[in-house]
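Reading the structure
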Amino acid sequence: MSARISLAESAVRDLEAIRDWYVGQSAAEVGDRLIREILASLDQLAEFPESGRVVPEFDQPWLRELVRPPFRAVYRVDSERVRVVRIWRSERLMGGPFSGALRTNPQPLRGPQAVG
């Protein structure tokens with residue numbers, strides 16, 4: 001049985017910020033390629049939702065991430081659904097106790113270079 005994959009609004013905003021940052025660097029084609037690669041890597045989660053590692057900052061089995069440098073896709077998993085909540089630079093640490101879409105009041109990504 002395949003899990004359904006969805007993107008939280010915060011993850012969509014993250015992808016838009018990634019695209020916008022690369023456009024601002026006069027490298028729109030690089031940003032488009034990276035976004036396609038990120039989305040393609042998420043496809044594996046339909047069949048293998050636990051293929052990503054547990055997010056080390058939280059050590060909770062339901063909160064996982066796929067790391068595809070230079071980005072990491074953080075997602076929640078349950079028996080029927082995978083919900084991608086953030087897509088950040090891979091070196092960025094998540095704040096606690098929860099960050100962005102993991103809390104009730106998400107904080108916007110300040111760009112793909114943001115570390116916080």
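Report follows, based on the coordinates.

1. A few points about the overall build of the protein chain
On a plain count of helices and strands, the protein chain comes out with 2 helices and 5 strands. Put simply, the protein chain runs from its N terminus to its C terminus through helices and strands in the order β-α-α-β-β-β-β. By residue count, 41% of the 116 residues in the protein chain fall in the buried class. Looking at the protein chain alone, contacts between residues at least 24 apart form 45% of all its contacts between residues at least 6 apart.

2. Description of helix 2 (residues 28-42)
Along its 15 residues, helix 2 runs 21 Å from first to last C-alpha, staying within 8% of the 21 Å computed at 1.5 Å per residue. Those residues of helix 2 that fall on the buried side of the exposure criterion are G31, L34, I35, I38, S41 and L42. Looking straight down helix 2, one finds that the buried residues subtend no more than 130 degrees of arc, so they occupy a single side. Away from its buried face, by an angle of more than 90 degrees, helix 2 presents the exposed residues E29 and R36. Against strand 1 (4-7), helix 1 (9-24), strand 3 (63-68), strand 4 (71-77) and strand 5 (81-89) lie the buried residues of helix 2.

3. Overview of the packing of helix 1 against helix 2
In contact at an axis separation of 7 Å, helix 1 and helix 2 are set at 155 degrees when each is read in the N-to-C sense. In terms of axis orientation, helix 1 runs roughly antiparallel to helix 2. Along this stretch, helix 1 crosses helix 2, giving a crossing that reads as right-handed. When helix 1 is examined against helix 2, the residues L15, I18, R19, Y22 and V23 are found in contact with a partner set consisting of A28, V30, G31, D32, L34, I35, I38 and L39. The class makeup of the residues in the contact of helix 1 with helix 2 is 10 nonpolar, 1 polar and 2 charged.

4. Brief notes about the nonpolar core
Of all hydrophobic cores here, the largest spans 19 residues; its most connected members are I18, F71, Y75, V84 and I87. For this core, the elements supplying multiple residues, two or more each, are helix 1, helix 2, strand 4 and strand 5. In this structure, A8, F58, V74 and V85 belong to the second largest nonpolar core, which totals 6 residues.

5. Let's talk about a nonpolar patch on the surface
A cluster of nonpolar side chains, namely L7, V12 and L39, defines an oily patch on the protein surface of about 190 Å² accessible area. Note on placement: L39 falls in helix 2.

6. Some details on the packing of aromatic side chains
A full pass over the atoms with the stated rule returns 1 aromatic pair. Directly above the aromatic system of F71 lies the positively charged group of R89, at a separation of 5.7 Å from the ring centroid.

7. A word on the pattern of salt bridges
Enumeration over the complete set of coordinates arrives at 7 salt bridges. Linking E65 and R53 is a salt bridge whose minimum nitrogen-to-oxygen distance equals 2.5 Å. Placement of the pair is E65 in strand 3 and R53 in strand 2 (residues 53-54), with a sequence separation of 12 residues. Overall, E65 belongs to the buried group, its relative accessible area being 1%. A cluster of three or more residues bridged by salt bridges with shared partners is formed by R53, E57, E65 and R72.

Reading guide: rules and limits
Within every chain, residues take consecutive numbers counted from 1 along the sequence as written. With the structure being a predicted model, the display of local features is reserved for residues of pLDDT at least 70 and the display and counting of side-chain atom pairs for 80 or more, all residues being used for whole-chain, interface and lining totals. Excluded from the side-chain calculations are hydrogens and water; all other atoms, namely the structure's heavy atoms, are used. Secondary structure elements are taken from DSSP: a helix is a run of H or I of four residues or more, a strand is a run of E of two residues or more, and numbering for both begins at the N terminus. Burial status follows relative accessibility: with a 1.4 Å probe on protein chains alone, a residue under 20% of its type maximum counts as buried, one over 50% as exposed, and anything between as partly exposed. Only heavy atoms enter the contact rule, under which two residues are in contact if any of them lie within 4.5 Å. In a helix, the anticipated span is given by 1.5 Å times the number of residues less one. Along the arc lie the directions from the helix axis toward the C-beta atoms. Convention adopted: a line fitted to C-alpha atoms gives each axis, helices being fitted over their contacting stretch, and angles between N-to-C directions are expressed from 0 to 180 degrees. Here the angle decides the label: under 35 degrees means roughly parallel, over 145 means roughly antiparallel, 65 to 115 means roughly perpendicular, and every other value means oblique. For a crossing to be left-handed, the near helix must be turned anticlockwise from the far one by less than a right angle; the clockwise case is right-handed. Classification convention: Asp, Glu, Lys, Arg as charged; Ala, Val, Leu, Ile, Met, Phe, Trp, Tyr, Cys, Pro as nonpolar; all other residues, Gly among them, as polar. The nonpolar core is taken to be a set of buried Ala, Val, Leu, Ile, Met, Phe, Trp, Tyr and Cys residues, with the residues joined through side-chain atoms within 4.5 Å. The patches reported here contain residues having more than 30% relative accessible area and no salt bridge. Joining distances are 9 Å for like charges and 5 Å for nonpolar side chains (Val, Leu, Ile, Met, Phe, Trp, Tyr). We get accessible surface area from the Shrake-Rupley algorithm with a probe of 1.4 Å; when it comes to residues, only the shown protein chains can shield them. Whenever Lys or Arg places a side-chain nitrogen within 4 Å of a carboxyl oxygen from Asp or Glu, that contact is recorded as a salt bridge. What counts as a ring pair is set by centres within 6.5 Å for rings of Phe, Tyr and Trp (its six-membered ring), and what kind of pair is set by the plane angle: stacked under 30 degrees, edge-to-face over 60, tilted for all other angles. Both a distance and an angle decide whether a charge sits over a ring: NZ of Lys or CZ of Arg must be within 6 Å of the ring centre and within 35 degrees of the ring normal.

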